[in-house]
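The primary structure of each chain is shown beneath.
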Amino acid sequence: MAKNIAVIGTGYVGLVSSVGLSDFGNYVTGVDVNPEIVEKLNRGVPTIYELGLEDYLKRNLESGRLTFTTDIDTAIQQAEIVFLAVGTPQSESGEADLSQVEQVVGSIARNLNGFKVVVCKSTVPVGTNRWVKRRLEELSGKSANQPDPAFAVVSNPEFLREGKAVQDFFHPDRLVLGYEAPKAREYMEDVYRVLNLIHVPIVWCGLETAELIKYASNAFLATKITFINQMAVLAEAAGADIHVIARSMGMDGRISPKFLHPGPGYGGSCFPKDTHALVSTGASYGVEMSLVREVIAANRQMKAHVVDRLLKMTGGPGSLQGKVVAVLGLAFKAETDDVRESPAITIVQRLLEEGATVQTHDPEALANFKALFGDTLQYHEHEFDAIKGADVLLIVTEWNEYRNLDLERAKNEMRGNVIMDARNVLEPEKARSLGFNYRGIGR
Ligand SMILES: NC(=O)c1ccc[n+]([C@@H]2O[C@H](COP(=O)([O-])OP(=O)(O)OC[C@H]3O[C@@H](n4cnc5c(N)ncnc54)[C@H](O)[C@@H]3O)[C@@H](O)[C@H]2O)c1
């Protein structure tokens, strides 16, 4: 049966979940503290860039099953299920900052006017859901104990990929649901009935297991990217081609070809903070997560490697002073406007320190990047406006449109001839045949 749901936090995860859960036939109220976000969403204007999101948003608003509000109290009172999708950013000490989660738990406790299932979709360290349960009991004076719990807690970590978030919501590889109370499981079966019908695998497990599945998955993927990046540096030094190496590795079914694309180091709102948080969690249990710690360090080196490599091409230390660098791609990966922890941030910062003038282009992320760098850079809506007069062309994000870049035109419009292709999206032979001094990663 359709459920009344409140989704707290309407960022990348909360907005996509709100839209998706209402598309499943549930009645959903998306809640955010930011009134501008709520106002836009109620008008059907997406506040993030995700392919397909606008259509789903409009359709579900029109159906009357979806609405957005800043009134968290009423939304919780009316809901049978409350999803937490607020941010859990990295704190200064590296742990996950749970202050947004804590605030929402306070709101739920105040409005516990009947049985509710509290579902945590935010990525939270192992033990957090049990803490949420304890804290709700303390604050509300009600018990989650069987046989007649006043509420139940479910850990439902989210695995959607930015850029493919809508597709991932409707066709996830799996759902992970950590729970204790049978009643909570019945509610979640109703919420996700549509996915069950299309045979999406559902992993029912304990709260702690669900929490750790999320961190284990992200840390593993971060490790895989970092592995191929380090192999790429070695391949380059040894005169081998990382493309052929990665493709051949991927032919081994145990390895798989996914996440074997070398680049300027991973970024985004998840891998960096989740790897740090996992190291902190390990420490709190007396377990040294040495491998993940090394991945974090190697990823930092990879970002530096891109500019170091570029400096070698332009004549060594100081050689970027006064040069114009066109940076194509600012988002942390293609198909998103998200620049959180984007490798472009570290790279552009370094270029400015080296005395370069930076002309940037990105199809979706210009506004978010400008919020960080202000007037210290130039921002262009057309890639050739960024390329014009540049000494160096540096590709940082693998947007499809860069794969077919008109290199002849670039040759004519640039002042110099250096291309650093940090995503290996161009054809090296073609670039070299046009007279470019071209470098990819690991080729
Ligand atoms: N972005 C991803 O690709 C992704 C994927 C999987 C999991 N996650 C996890 O999901 C969680 C959310 O990530 P995100 O990227 O959607 O974050 P986000 O920063 O885009 O969105 C969080 C939203 O919560 C709102 N908010 C903060 N405090 C609030 C409160 N007290 N009441 C109501 N709204 C409040 C903020 O205004 C913001 O709009 C994080 O834990 C993240 O690690 C993210």
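Residues numbered from 1 in each chain as written. Predicted model: local features only at pLDDT ≥ 70, side-chain atom pairs only at ≥ 80, totals over all residues.

*Asks:* Run through the overall build of the protein, naming residues and quoting values.
*Replies:* Helix and strand counts for the protein stand at 19 helices and 14 strands. Oriented by its inertia axes, the alpha-carbon framework of the protein measures out at about 75 × 50 × 40 Å. Scored against the burial criterion, the 443 residues of the protein give a buried share of 48%. Taking the contacts inside the protein whose residues are at least 6 apart along the sequence as the reference set, 71% of them involve residues at least 24 apart. (Helix = DSSP H or I, 4+ residues; strand = E, 2+ residues; numbered from the N terminus. Buried ≥ 20, exposed ≤ 12 C-beta atoms within 10 Å, placed from the backbone. Contact = placed C-beta atoms within 7 Å.)

*Asks:* So what's going on with the environment of R65? Which residues, and what values?
*Replies:* The residue R65 is located in the loop between helix 3 (53-63) and strand 3 (66-69) in this model. A C-alpha to C-alpha distance of 56 Å links R65 and L434, two positions 369 residues apart in sequence. Excluding anything up to four places from it in sequence, R65 contacts S22, N26, Y27, V28 and N60.

*Asks:* Can you explain the nonpolar core? Please cite residues and give values.
*Replies:* The biggest cluster of nonpolar side chains holds 129 residues, and the ones touching the most others in it are I8, V82, V325, A326, L393 and L394. A per-element tally of this core places helix 10 (residues 207-238) first, with ten residues. Residues from two domains meet in this core; each of domain 1 (4-205) and domain 2 (207-443) gives at least three. If near-sequence neighbours (up to four positions away) are discounted, I8 is found in contact with V31, I72, V82, F83, L84, A85, V86 and V104. (Core = buried A, V, L, I, M, F, W, Y, C linked by C-beta atoms within 7 Å. Domains from an automatic or database assignment.)

*Asks:* Describe the pairing of strand 10 (residues 357-361), with residues and values.
*Replies:* With four of five residues buried, strand 10 lies mostly within the body of the structure. Judged from the five bridges that link them, strand 9 (residues 324-328) and strand 10 form a sheet pairing that is parallel. Residue V327 lies in a different strand from strand 10, and its bridge partner there is T360. Crossover strand 9 to strand 10 through helix 14 (residues 343-353) is right-handed. As defined by bridge partners, strand 10 adjoins strand 11 (residues 378-380) across three bridges and the pair is classed as parallel. (Pairing = 2+ DSSP bridges. Right-handed = clockwise from strand over helix to strand, strands pointing away.)

*Asks:* Give a description of the domain arrangement of the protein that names residues and reports values.
*Replies:* For the protein, the assigned domains are domain 1 (4-205) and domain 2 (207-443). Distance from the C-alpha centre of domain 1 to the C-alpha centre of domain 2: 32 Å. The interface of domain 1 with domain 2 comprises 29 residues on the first partner and 25 residues on the second. Split by residue class, the side of domain 1 that touches domain 2 holds 15 nonpolar, nine polar and five charged. (Nonpolar A, V, L, I, M, F, W, Y, C, P; charged D, E, K, R; others polar.)

*Asks:* Got a sec to walk through the site of the ligand? Specific residues and values, please.
*Replies:* Near the ligand lie 27 residues; those nearest to it are G9, G11, V13, S122 and T123. Of all the elements in the fold, those that place two or more residues in the shell around the ligand are helix 1 (12-23) and helix 5 (99-110). The residue inventory of the shell around the ligand, partitioned by class, reads twelve nonpolar, twelve polar and three charged. (Near = placed C-beta within 6 Å.)

*Asks:* A description of the sheet that holds strand 14 (residues 437-439) should follow, citing residues and the corresponding values.
*Replies:* Taken together, six strands build an open sheet; the order of strands is 11-10-9-12-13-14 and the sheet is parallel. On the outer flanks of this sheet lie strand 11 and strand 14, each paired with one strand and no other. On average, adjacent strands in this sheet sit at an angle of 20° to one another, irrespective of strand direction. Along the sheet face, helix 13 (residues 290-314) touches strand 12 (392-395), strand 13 (418-421) and strand 14 and points at about 160° away from the line of strand 13. (Axes fitted to C-alpha atoms, helices over the stretch in contact; angles between N-to-C directions.)

*Asks:* Provide a residue-level description of helix 10, including the pertinent values.
*Replies:* What sets the pattern is the α-helix's 3.6 residues per turn: residues three or four places apart point alike. Compared with an ideal rise of 1.5 Å per residue, which puts 32 residues at 46 Å, helix 10 spans 47 Å between its outermost C-alpha atoms and is within 8% of the ideal. At the exit of helix 10 stands G239, carrying a positive phi of roughly 80°. (Expected span 1.5 Å × (residues − 1).)

*Asks:* Could you give an account of unusual backbone geometry, with specific residues and numbers?
*Replies:* With an omega of 5°, the peptide bond between Q146 and P147 qualifies as cis. Here H199, not a glycine, exhibits a phi torsion of approximately 65°, which is positive. Relative to the assigned elements, H199 resides in the loop between helix 9 (193-197) and strand 8 (202-205).

*Asks:* Describe helix 12 (residues 271-284), and please don't skip the residues or the numbers.
*Replies:* Between its terminal C-alpha atoms helix 12 stretches 20 Å, which fits the 20 Å expected from 14 residues at 1.5 Å a residue. Within helix 12 the residues assigned to the buried category are F271, P272, K273, D274, T275, A277, L278 and V279. Buried residues belonging to helix 12 abut helix 10 and helix 13. Residue G286 follows helix 12 closely and has a positive phi angle near 75°.

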